[in-house]
Structures are given as C-alpha cells and as structure tokens.
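Below, each chain spelled out in residue letters.
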Amino acid sequence: MRKHFKGAKLCFALSLSICLTLCGCEKKETKREIKAEYTLEQLREESKNFKAEYPNLDLSKTKIIIPDGDNIEELIFPVDINIGESEENFEKVKNNVYENIRLLTGKDKVEEKYVKYSACEKEVLLKDVTKEDRMISLIGTPEHKEREKERNIDPEESKSAYGFMIGYSDGDYSTLLWGSSFMCEFTNKRVSGTWKKKYYEAGHRPPDDNIVRSIDISKDSIDDVSYVLDGKEVPLKNAIEYVEENIGKTGYHYAASPFLTYEVIHVDVIKYGGDKYYYAMELKALYKGIPFSSDMYAAGYPLEGEVDYEIFSETHHVSMLAENSMDFIWSSANNYEEKKEGEVYDKFLSIDDAMYLVSNAVSSSTTLHCDRVELLYRTEFHKDSTYYCIKEVQCHPVYQVRCVNTGLPDYPVLFFNVDAITGMVEGMDTLI
C-alpha cells in the first residue's frame, strides 16, 4: 500500500540520510527570474540542441521530450464516487458496479450473496450486511483498528488508503471498486483454471511469480515475440494492438476513460499452470497525445510548504490469457467518465528554467545523472475529508525529471516534477 509523506515534514520525503545528501542542508535562494513565456514550438527547438550546464546535474545522456501541438489544457475530472455522502450517490455507484458485474459474468441477474461492502470509519455502506459478509479487512471496526495498530499503521494513513470498497466474486469472475484511489479491477478466472475458487482468497490477479521475459516497448523489438496463449499462438504485436484499440470499448464503468487513449509501455511474459503463458501489459494514459505521469515512484509533494491534495502517478494493467481477451484489467486514476473545462496554457517555463530549479533544490555536494526530461501531465487527487473519497482529479503540466544511477541502494531512480507554469518543485514520494 502506498504511503504519502508531505515534503515539508520529511524534507524530500526520503530518509533523513538521503535528505541530508540531496536537498535540505544547503538552502539556496532562487536568483533567476522565472516566467512562463515560451511556446511549445520554442520548447521543441530548445530541446534539439540543449547544452545548458549545472554544477550538480549531468545531462550528457538526457532525452528531452516535448509534446506536439500549440497548447496544453489543464484537465479537471469530477469523480462522484463518494457514496457515503447520500443515498442517491450510493445507488448510482452501486448500479454502475452491478452493470459491470452483469457485463463481466454474462448473467442478467446479480447474485447478492457474492457482493461485499466495506467502509472506512463511518459504516454508511454496510447497511444490513453482516460482519461476516464484509469483504476483506473489516475496515473501521475495532478489530480492524487493532490490526492496523499492531502493524504500526497510522490511523490517518489507514483512512486514506482504504476509503470504501464494493466488490463481487463468485469464484469464476471478480470485480471491485476502491473509493480512495478510484481503482477498479476486473478478473475472468475461468481462462486460467489455476486460481482458487473460494472468493477473495489469494487475491484477484493472475499468478505472476514466473516471468520468463520482460519487454520495454520503447527499447525492445517485438517483431518476433510470440507465445501460445490458451492453446493458440498469439504474436505480441497483435495482442498489443488489440488491447490499445479495445481497452476503451469494454463497456465497463471505471475501466477506461472516453477522453483518453492508452498505450502499452511494458509487457511481462508469464508462465503459469505448468506450460501455459500469458501477457501482462502495463499501459500509460494520454490526452491528445500528451502522456500522464505513469511511473508510480514519481508521485511526491512540494519540497517547500504543504498542499491539500495527493499527487498520484499510475498505469493501467491488462493481462491477456487467451487471444483477443482482456482477462484481467486494473485501472486507477485514468478512468474518468466526466470532464470539466480547464485553463488552456500556451506559454511555459523554458527547459533551462526547469532544470535550474531542480539544480537549485539539490545539494551542490552531489551529482545527479538525468536520463529523461518530459513535459507531461501530473495527476492530483482532491479528496473529501470525511469519507476520504476522491471528489475531483486535476491534471497539470509539469516537467518530469528522472535521475538514474544515484548511488543510493534503496533509491536507484529519483524523480522531480517542476510545475511548467509556476516553477514549484516537487520531490519524490516514499513508496518503498
């Protein structure tokens, strides 16, 4: 479970020793005047021959990515899944989940005995459901609080992590919706025949402990990659094309967004059940060709001050166990069904300004090797303070700077986000 620590409290949201190395001890003042006054066309030109130097950043092997187009729209997505707020909200979300169940199982009627509810603190979801019927962890009950206490989990972290949940599992199919991270999951267990039939036992994901090949789509050729899935040879290229084209056409609520497109960025070929294989795909979301931050380690908080939102960075996951079949779907933060108009930006900080701000945040006693700088969307969760459910998601343009070969055993890769309009610098969150 991801944990979030604000930058002001833990300096860089890393351990104290790393903080001392990287960011907090030498307070540097920004002397340069920073303004958002560069067009995307100017940034694309700047990226072609970028030669600026900084005392603590190595950019000798940096790839700089600036999107096409003339502007970037700030995205605002209402997420009305706070089902503790009213009976109307509860019924709306419940109906959407029931539609998912009927579509997933192919049955006209939902068998209520397989539907489970869980809530955090306020048991608004539990209705007449018995204690024995609650789904996984008896969230909000004295038993749950005692268990979290034994695990040294802070109650506030626990609330943020769990929120509410509605789930279904009949042994052949399962689906669940988490309120706190806007995560929805769908599983067809019948294809593999290897999962335990008892509902909620051993989780919902396909067996993934035997990866025989790991493929980075941006670097590795897939022309000759082909494996037998459920008795039929399926070229990986065909599998990827099917998923990218159809992830938004499943008909499920909360599985994908009609406003976004999705691209496969990583594939694990996994062997299971003796001599069977399947493709486990990781997808990034894009809006009009501009990607969302998709590395889970790139979430963070401002290096100075506090914020009232949670920065989130995540990918979609799809597993194909048989040809043209999405047998496992995991979506989170990129599956919006509504959209509001946001501000449209056509002027941004220069790449040089962004890197200057990163350099200014890093101690002069270290050198970070930056291998990628990309102008993309960073996602913010704005949550209701009572039920800890997401009320709105905002996506804002940032320069995301990835640093590799840090020499830090626990943090071989570090991320910075620089707000492309204001210049606010965010440091990496603690996710380990």
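One numbering rule holds for all chains: residues counted from 1, following each sequence as written. Confidence filtering applies because this is a predicted model: local features only for residues at pLDDT of at least 70, side-chain atom pairs given and counted only at 80 or more, and all residues used for totals across whole chains, interfaces and linings. Values reported for side chains reflect all heavy atoms of the structure, with hydrogen atoms and water molecules removed beforehand.

Caption draft 1: Quick peek at the overall build of the protein. Across its full length, the protein holds 8 helices and 23 strands. Partly exposed residues are those whose accessible area sits between 20% and 50% of the maximum for their type, while under 20% is buried and over 50% is exposed, using a 1.4 Å probe and protein chains only. Here the protein holds 432 residues, and the buried ones make up 55% of them. Only carbon and sulfur atoms are counted for the fraction: they give 46% of the accessible area of the protein, which is about 19800 Å². Secondary structure is summarised from DSSP: a helix means a run of H or I of at least four residues, a strand means a run of E of at least two, and numbering begins at the N terminus for each. Here the open area of atoms and residues is found with the Shrake-Rupley method and a 1.4 Å probe, where only the protein chains shown may cover a residue.

Caption draft 2: Expanded view of the side chain of Thr-105. Mapped onto the secondary structure, Thr-105 falls in helix H4 (residues 87-105). A polar side-chain atom of Thr-105 sits 2.9 Å from the main-chain carbonyl oxygen of Ile-101. Whenever a nitrogen or oxygen atom comes within 3.5 Å of another N or O atom, the pair is scored as a polar contact, on the condition that within protein one atom can donate a hydrogen and the other can accept it, and that pairs from neighbouring residues in sequence are kept only if both atoms are in side chains. There is a polar contact of 3.2 Å between the side chain of Thr-105 and the backbone nitrogen of Lys-107. Only heavy atoms matter for contacts: two residues are in contact if any of them lie within 4.5 Å across the pair. For Thr-105, the residues in contact, after removing those within four places along its chain, are Tyr-168, Asp-170 and Tyr-173.

Caption draft 3: Region of interest: helix H8 (residues 351-361). Within H8, 10 of the 11 residues are buried, leaving the element largely enclosed by the surrounding structure. Ile-351, Asp-353, Ala-354, Met-355, Tyr-356, Leu-357, Val-358, Ser-359, Asn-360 and Ala-361 are the residues of H8 that are buried.

Caption draft 4: Representation of the packing of aromatic side chains within the structure. Pairs were defined over the aromatic rings of Phe, Tyr and Trp, the Trp ring being its six-membered one, requiring ring centres within 6.5 Å. Orientation was assigned from the angle between planes: stacked under 30 degrees, edge-to-face over 60, tilted for the rest. Applying the stated criterion across every chain yields a total of 9 aromatic pairs. An angle of 10° between the planes, with centres 3.9 Å apart, marks the rings of Phe-77 and Tyr-336 as stacked. Here Phe-77, found in strand S4 (residues 75-78), pairs with Tyr-336, found in the loop between strand S18 (328-332) and strand S19 (344-345); they are 259 residues apart in sequence, far enough to count as distant. Each member of the pair, Phe-77 as well as Tyr-336, carries the same accessibility label: buried. Through pairs of rings, three or more aromatic residues link up here, namely Phe-77, Phe-259 and Tyr-336. Both a distance and an angle decide whether a charge sits over a ring: NZ of Lys or CZ of Arg must be within 6 Å of the ring centre and within 35 degrees of the ring normal. Looking at Arg-32, its charged tip hangs above the ring of Tyr-356, at a distance of 4.1 Å from the centre.

Caption draft 5: How the structure looks around helix H7 (residues 236-246). Burial in H7 covers these residues: Leu-236, Ala-239, Ile-240, Val-243 and Asn-246. In a view along the axis of H7, the buried residues occupy a sector of 155°, so they form one face of it. Residues of H7 that are buried sit in contact with strand S9 (211-216), strand S10 (226-229), strand S11 (232-235), strand S12 (261-272), strand S13 (276-287) and strand S17 (316-320). Directions drawn from the helix axis to the C-beta atoms are what define this arc.

Caption draft 6: Quick peek at the pairing of strand S22 (residues 414-419). Counted residue by residue, S22 has 6 buried out of 6 residues, so it is predominantly covered. Because side chains alternate across S22, one face comprises the buried residues Leu-414, Phe-416 and Val-418, and the other comprises Phe-415, Asn-417 and Asp-419, equally buried.

Caption draft 7: The arrangement of the pattern of salt bridges in detail. Salt bridges are counted wherever a side-chain nitrogen of Lys or Arg sits within 4 Å of a carboxyl oxygen of Asp or Glu. Counted under the stated rule, the structure contains 15 salt bridges. Here Lys-237 ties to Asp-223 by a salt bridge, and the two come within 2.9 Å at their closest N and O atoms. With Lys-237 in helix H7 and Asp-223 in the loop between S9 and S10, this pair connects stretches of sequence that are 14 residues apart. The class of Lys-237 is partly exposed, set by a relative accessible area of 36%. Between Asp-371 and Arg-402 there is a salt bridge, with its nearest N and O atoms 2.6 Å apart. Of the two residues, Asp-371 sits in strand S20 (residues 368-383) while Arg-402 sits in strand S21 (residues 390-404), which places them 31 residues apart along the sequence.

Caption draft 8: Layout of the state of the cysteines. When two cysteine sulfur atoms are found within 2.5 Å, that pair is recorded as a disulfide. In the structure shown here, the tally under the stated rule is 0 disulfides. With no disulfide of its own, Cys-403 has Cys-370 as its nearest cysteine by sulfur position, at a separation of 3.7 Å. Taking the relative accessible area as the measure of exposure, Cys-403 reaches 0% and is therefore buried.

Caption draft 9: Spotlight on unusual backbone geometry. Positive phi outside glycine occurs at Tyr-254, with the angle close to 70°. Structurally, Tyr-254 can be placed in the loop between H7 and S12. Note on Tyr-254: relative accessible area 4%, which makes it buried. A positive phi angle is found at Asn-405, which is not glycine, with a value near 50°. You can see Asn-405 is positioned in the loop between S21 and S22. The class of Asn-405 is exposed, set by a relative accessible area of 63%.

Caption draft 10: Looking closely at the environment of Leu-75. For Leu-75, the location among the structural elements is in strand S4. Once the C-alpha coordinates of Leu-75 and Gln-394 are considered, the two residues, 319 residues apart in sequence, prove to be 5.6 Å apart. When near neighbours in sequence (up to four residues on either side) are disregarded, Leu-75 contacts Tyr-287, Phe-292, Lys-339, Tyr-377, Val-393, Gln-394 and Cys-395.

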